[in-house]
Amino acid sequence: MKQKLLILTCCVLGVLSLGAKKQGVIKIGCVGPITGDQASLGLDQLHALQIAVDEANAQGEIIPGHRLEIVSLDDQHNPSQAVAMAKRLASDPQVVAVVGHVNSSCSLAAAPIYQNARLTQISPSSSNPEISRKGYDTFFRTCATDDIQAPQAAYFAFTRLEARKVFIIDDKTTYGKGIADEFEQEILRLGAGVLGHEGIMQADKDFSPLLTKIKALEPDLIFFGGMYPEGALLVRQAKALGFNVKWMGGDGIYVKAFIDLAKEDAEGVYCTFIGADVSSMAGAKHYIETYTTRFGQERGPYSAYAYDAANIIIDATRKTGKLDRQAILAQVKATKDFPGIVGVTNFDAKGDSTIGLIGVFRVKNQAFEYVGSAK
Amino acid sequence: MNKRAITAYQKKGKFSRWAMSAVVLLILVVLPFFNHNEYHLEVLVSAGIFAILVLGLNVMTGYCGLLNLGQAAFFASGAYTYALLNVKLGLSFWVSLPACVISSAALGLLFGSCVLRLKGDYLALVTLGFGEIIRITLNNMDSLTGGPNGLTVSHPLIGFADKSFDFGIKSMPYYYLTLLAIIVIVIITNRLASSRFGRAWVAIKEDEVAAACMGINTGKLKLLAFCVGSAIAGFAGWLFAGKQGFVSPDSFDFITSIMLVAMLVLGGIGSIAGSIVGAVALTLLPEILRPLQEYRMFLFGAVMMVMMLFRPQGILGGVRILEEFRPENERVRQEEDEVLGEGLKQ
Amino acid sequence: MNPFETFIQQLINGLTIGMIYALIALGYTMVYGIIQLINFAHGEIFITGAFFALAVFGLFPHTPQFNSVLALVLAFGAAMAGCGFLGVVIERIAYRPLRKAPRLACLITAIGVSFILQNVLMLIWGPVDKSFPAFFKHSALTFGSLRVTFMQGFIIITSLVMMIALRFFVTRTMLGKALRAASADMTAARLMGINVDKVISICFLIGSALGGAGGVMYGMYYNTISFHDGYLVGIKAFTAAVLGGIGNVPGAMLGGIALGMLEGLGAGYLSSAWKNVFAFLILVILLLCWPSGILRKSRNE
């Protein structure tokens, strides 16, 4: 009966405590979805961190007698999992900082845990503005936020694409709904008409009922706030309905996989990105080459931001010279003109990066072509 | 075995059961003093909350034979009731408890009174649909529930005069709170099982028509079982929301409901100890398998399947039936299982 | 596009996905009809079919027309044969030993199997959505502003053919008769000299093969597949089976079509964020009003 419970418990605790404590290790947490449908984003962040950590270790010990190590955890882009994983990192005294989470919803849920544990968290991709407005002093991000991205996207759609009748779709996630709401506000302010704003379910596949309805409304632009799997399906199903309309999306569809899934139907789709075209930046050249040769694949959209986030942490740890979360946090907070590969990073009082550059891309010949800055 | 032997057996069984429970309890109480690891405690707290949910499910499915594939909906109702009371009205964790239990019981009553005339798989399917409806509703009612962003709620706080103790994000206080909660629920469900209601439920499970002929008001009693089960789930939801400090709809998806049924069946349907063992085993298993990374859910499925093939009545299945009803275990248990199968089939 | 045309377009969209639901629902209903088991792994078998087809397409650089037709035939063949075999194996390993055990035990092994299948797919093909080759390039028949794409036509016709073939098999052949006999009363069928184990295996074979075919069409229609697609579509197909009266073959077909259309209309006219709620709400309401499905089981005659 309960004996088995007892034995089980003992066994489990035994096994769990085998996660042996080695001497002389400083750990950086890396949390994101590394299984499931958004695994590519999480793995991309992990790869960036691996490059940064290996480079740092190759340069010698970070703190005398200590080597850097990565603790990679999977939050399955589920906020509850994110909380559990955050507690796990918080309870490991060797973890000094965290790169992640990838998804805004997860960062939002996990931030209070890090705050309480005095653990520095730098997200390369959680762009929802709410997170930093909550006043967590441990939260930082290297990407721009959606309250910069979406209004600029709306400005671009209004002035350059001359969108006057817009339909807005979002995927009902923290990120997707956030960006779609901001877009709607701004484009209304600019004077365009919004024909409707509807949500879809993530992991649903059939959007033709919604698209049939939108087709009858004859909009000249559809804005989609969401991730690439649904984005690709939307674009394809619209074409199948004989519905030719301009599409625009946020950084959630600025992923190579979007083009792989939507194929020729992706042509002409616009998207904004929370940063400029990394591949054209001189400083990023070495990083991009390293990434491609080491992992045999093209880097994802946020990997450069994750790389910078990791380097800010490593730099702060090196300057601090000891395994002390509070000191490292203070050091990160004091970051001044950090020369990263995406630009010179500073954090404002809320922890947001001050770079704030929004680039616009368009799919041409099955690749993202840089159109220019949104403003 | 004659009657006296049975009584002796039961007495002996009772004593060893008490002794065993006391030992297990003692170990669980002192455990945190030897293991300070937050993560380990956190996993145990989750296991404990699942155990409470499974105990609730056991009342519906184990005692009364009502297969519920939407237990997560009642779990969600408890959690969101606390979250909303806390966020909108500023009520504290402890004050919200009755509301959480009552709201879930009311939801169970409302839903149960509509669907309980369905039987077996049809009932299972309707509860499944209901679970999904609740989850999607929570996800879509942005203005009230915060939609996918969820709601951030306060952790429990105990205050005596000018001193106060915040449970915060440490796992230890929740560990003891959960332990206490499990003890309470175990006592309640245990008393219920041997009460007039409990015996009526089992009679309904065995043969509803016969039970009705014996003068049992089957409709009311089924509804009662459903309400008790959902109230317990609401209680677990309250605990979960307080512990997590955050609620969002993805904690209450279909997979959660399915896992609860799996825990119950794996542990042994109708058995209190079995419910707890099942919940603990299926919560710990994926965590133990975590080092295997992407292979872990695969192995998890395999363990579930193999376990059932070798012990279809569950780890601790048949104990209650053996002790309370008929002594000649093997044959009777088989018969019992067939009856259970037949009953659910109808 | 006038409102009437929009309505018809919605119905066509709904019919297409409804046909896929119907094909999958057949697998649930056949298995349930004979051994009263909710084969939870069926949704996973269905999506495995799509992955089998993907593997076949991987062998063909499908630029020339001939290759693409051949590839299509081979893909359907591989998916149906593969899934049929998979279904039989699963029944043999996971369900048959438990035929005398409590039925909930079977439910748990079914869930276990579905975890296993889902994760095997993930381990082999990776966690990211896979692109599925496109056919017919969005070409369509147009009637005014109404469009029926060739793909939709292909799905509707192919599924219809398969369902008619199944109906013929069940009503006109000896094996079909044995199948019906076993589902009416297994013990009596056994006394009549019917090899019930064989009949159950055949039931799994056919149901899974149809599910596999549904998987290929699903892949062709949406052009992306992922390892976790099986669960949601599986549940909806199961809903369709119950809608039509579980254990009832024509009922499953009707249930699938009805579910697809109702869902499409709900998403199109009310709100797409509530799409899955419609599916489940329909289920709850229908079960309350007609507890044995649209078509009553003819089994009690």
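### Structural notes on the overall build of chain A
Move 1: When helices and strands are counted, chain A shows 13 helices and 14 strands.
Move 2: Oriented by its inertia axes, the alpha-carbon framework of chain A measures out at about 65 × 60 × 40 Å.
Move 3: Scored against the burial criterion, the 375 residues of chain A give a buried share of 61%.
Move 4: In chain A, the proportion of contacts linking residues at least 24 apart, taken out of those at least 6 apart, comes to 70%.

### So, the overall build of chain B
Move 1: A count of helical and extended segments in chain B gives 15 helices and four strands.
Move 2: Per-residue burial for chain B yields a buried fraction of 53% across its 346 residues.
Move 3: Across chain B, the fraction of contacts at a sequence separation of at least 24, relative to all contacts at a separation of at least 6, is 77%.

### Let's talk about the domain arrangement of chain A
Bring the parts together and some accessible area is lost; that lost area is often taken as the interface size.
All names here are of chain A.
Move 1: Considered domain by domain, chain A is made up of domain 1 (22–144 + 281–345) and domain 2 (147–273).
Move 2: The gap between the C-alpha centroids of domain 1 and domain 2 is 30 Å.
Move 3: Contact with domain 1, which involves 15 residues of that partner, is made by 15 residues of domain 2.
Move 4: The class makeup of the residues in the side of domain 1 that touches domain 2 is four nonpolar, eight polar and three charged.

### Concerning the interface of chain C and chain A
Move 1: Counting residues at the interface gives 30 residues for chain C, matched by 34 residues for chain A.
Move 2: Counting residues per element, the ones that place at least two in the side of chain C that touches chain A are helix 1 (3–35), strand 3 (146–149), helix 9 (229–243), helix 10 (249–269) and helix 11 (275–289) of chain C.
Move 3: Here the side of chain C that touches chain A takes five residues from helix 1 of chain C, the largest share from any one element.
Move 4: The residue makeup of the side of chain C that touches chain A, split by class, is ten nonpolar, 16 polar and four charged.

### So, the interface of chain B and chain C
Move 1: If you look at the interface, chain B gives 36 residues, while chain C gives 33 residues.
Move 2: For the side of chain B that touches chain C, the secondary-structure elements that each account for two or more residues are helix 4 (93–115), helix 5 (120–140), helix 11 (254–267), helix 13 (296–310) and helix 15 (329–345) of chain B.
Move 3: Tallying contributions element by element places helix 5 of chain B first for the side of chain B that touches chain C, with eleven residues.
Move 4: The residue makeup of the side of chain B that touches chain C, split by class, is 25 nonpolar, six polar and five charged.

### Concerning the sheet that holds strand 8 (residues 221–225) of chain A
The strands making up a sheet associate through backbone hydrogen bonding, with each pair oriented either parallel or antiparallel.
Residues and elements named next belong to chain A.
Move 1: Here we have seven strands laid out as an open sheet, ordered 7-6-8-9-10-13-14, and mixed in their pairing. The sheet is open, and its two edges are formed by strand 7 (193–199) and strand 14 (367–373), each paired on a single side. Put simply, the sheet's adjacent strands are angled 25° from each other on average, direction ignored.
Move 2: Here strand 10 (residues 270–273) runs beside strand 13 (residues 359–364); their pairing, made up of four bridges, is antiparallel.

### Thoughts on the packing of helix 2 (residues 38–63) of chain B against helix 7 (residues 172–194) of chain B
Residues and elements named next belong to chain B.
Move 1: Between helix 2 and helix 7, the least distance of the axes is 9 Å, while the angle of their chain directions is 15°. Considering the angle they form, helix 2 stands roughly parallel to helix 7. Of the two elements, helix 2 crosses helix 7, and the hand of that crossing is left-handed. Contacts between helix 2 and helix 7 involve Leu41, Leu44, Val45, Gly48, Ile49, Ala51, Ile52, Leu55, Asn58, Val59 and Tyr63 from the first element and Met172, Tyr174, Tyr175, Thr178, Leu179, Ala181, Ile182, Ile185, Val186, Thr189, Leu192 and Ala193 from the second.

### Regarding the packing of helix 1 of chain C against helix 10 of chain C
Move 1: Contact geometry for helix 1 of chain C and helix 10 of chain C: axes closest at 6 Å, N-to-C directions at 145°. By crossing handedness, the relation of helix 1 of chain C to helix 10 of chain C is classed as right-handed.

### Describing the nonpolar core
Move 1: Membership of the largest hydrophobic core comes to 344 residues, with the highest contact counts inside it found for A:Ala310, A:Ile313, B:Ile52, B:Ala262 and C:Ala22.
Move 2: Formed jointly, this core draws a minimum of three residues from each of two domains, domain 1 (22–144 + 281–345) and domain 2 (147–273) of chain A.

### Comments concerning unusual backbone geometry
All names here are of chain A.
Move 1: In this chain, Gly100 is followed by His101 through a cis amide linkage whose omega measures -5°.
Move 2: Structurally, His101 is set in the loop between strand 3 (95–99) and helix 4 (104–117).
Move 3: In this model, Gln76 sits at a positive phi of 50°, which is unusual for a non-glycine residue.
Move 4: If you trace the backbone, Gln76 turns up in the loop between strand 2 (67–74) and helix 3 (79–90).
Move 5: For Gln76, a count of 21 C-beta atoms within 10 Å gives the class buried.
Move 6: Phi angles above zero are rare outside glycine, and Arg118 is one such case at about 55°.
Move 7: Assignment of secondary structure puts Arg118 in the loop between helix 4 and strand 4 (120–123).

### Quick look at the sheet that holds strand 2 of chain A
Residues and elements named next belong to chain A.
Move 1: In space, the five strands of this open sheet follow the order 2-1-3-4-5, with parallel pairing throughout. Of all the strands in the sheet, just strand 2 and strand 5 (139–141) have a single pairing partner and so form its edges. Shown here is a sheet whose adjacent strand axes are inclined to one another by a mean of 25°, direction ignored.
Move 2: By the bridge criterion, eight bridges tie strand 1 (residues 25–32) to strand 2 in an arrangement that is parallel. Each residue of the ladder has a partner; that of Ile26, found in strand 2, is Leu68.

### A word on the environment of C:Ala182
Residue and element names in this part refer to chain C.
Move 1: The topology assignment puts Ala182 in helix 6 (residues 174–184).
Move 2: What makes Ala182 buried here is the crowd of 26 C-beta atoms within 10 Å.
Move 3: Along the sequence, Ala182 and Met80 sit 102 residues apart, while their C-alpha atoms lie 24 Å from each other.
Move 4: When near neighbours in sequence (up to four residues on either side) are disregarded, Ala182 contacts Ile34, Ala189, Ile194, Val196 and Val199.

### Points about the environment of A:Gln331
Residue and element names in this part refer to chain A.
Move 1: Structurally, Gln331 can be placed in helix 13 (residues 325–333).
Move 2: Sequence separation between Gln331 and Lys319 is twelve residues, and the spatial gap between their C-alpha atoms is 7.7 Å.
Move 3: Those residues within four positions of Gln331 in sequence are excluded, and the remaining contacts are Ala316, Lys319 and Thr320.

### A few points about helix 7 (residues 174–190) of chain A
Residues and elements named next belong to chain A.
Move 1: Here helix 7 spans 24 Å end to end across 17 residues, near enough to the 24 Å set by a 1.5 Å rise per residue.
Move 2: Along helix 7, the residues classified as buried are Thr174, Tyr175, Gly176, Lys177, Gly178, Ile179, Ala180, Glu182, Phe183, Glu184 and Ile187.
Move 3: Of the surrounding elements, those touching the buried residues of helix 7 are helix 4, helix 5 (130–133), helix 6 (146–159), strand 6 (165–170), strand 7 and strand 8.
Move 4: Gly191, located one to two residues past helix 7, shows a positive phi value of around 110°.

### Remarks on the pairing of strand 13 of chain A
Move 1: As paired strands, strand 13 of chain A and strand 14 of chain A are joined by six bridges and run antiparallel to one another. The partner of A:Arg362 across the bridge, within strand 14 of chain A, is A:Glu369.

### Overview of helix 8 (residues 208–217) of chain A
Move 1: Among the ten residues that make up helix 8 of chain A, eight are buried, leaving the element largely enclosed by the rest of the structure.
Move 2: When we look at burial in helix 8 of chain A, the residues that qualify are A:Ser208, A:Pro209, A:Leu210, A:Leu211, A:Thr212, A:Lys213, A:Ile214 and A:Lys215.
Move 3: Next to the buried residues of helix 8 of chain A lie strand 6, strand 7, strand 8 and helix 9 (228–240) of chain A together with helix 1 and helix 10 of chain C.
Move 4: Just downstream of helix 8 of chain A, A:Glu218 is the residue with a positive phi angle, here 50°.

Conventions we followed
Residues numbered from 1 in each chain as written. Chains lettered and ligands numbered in written order. Predicted model: local features only at pLDDT ≥ 70, side-chain atom pairs only at ≥ 80, totals over all residues. Helix = DSSP H or I, 4+ residues; strand = E, 2+ residues; numbered from the N terminus. Buried ≥ 20, exposed ≤ 12 C-beta atoms within 10 Å, placed from the backbone. Contact = placed C-beta atoms within 7 Å. Domains from an automatic or database assignment. Nonpolar A, V, L, I, M, F, W, Y, C, P; charged D, E, K, R; others polar. Pairing = 2+ DSSP bridges. Axes fitted to C-alpha atoms, helices over the stretch in contact; angles between N-to-C directions. Parallel < 35°, antiparallel > 145°, perpendicular 65-115°, else oblique. Left-handed = near helix turned anticlockwise from the far one by under 90°. Core = buried A, V, L, I, M, F, W, Y, C linked by C-beta atoms within 7 Å. Expected span 1.5 Å × (residues − 1).

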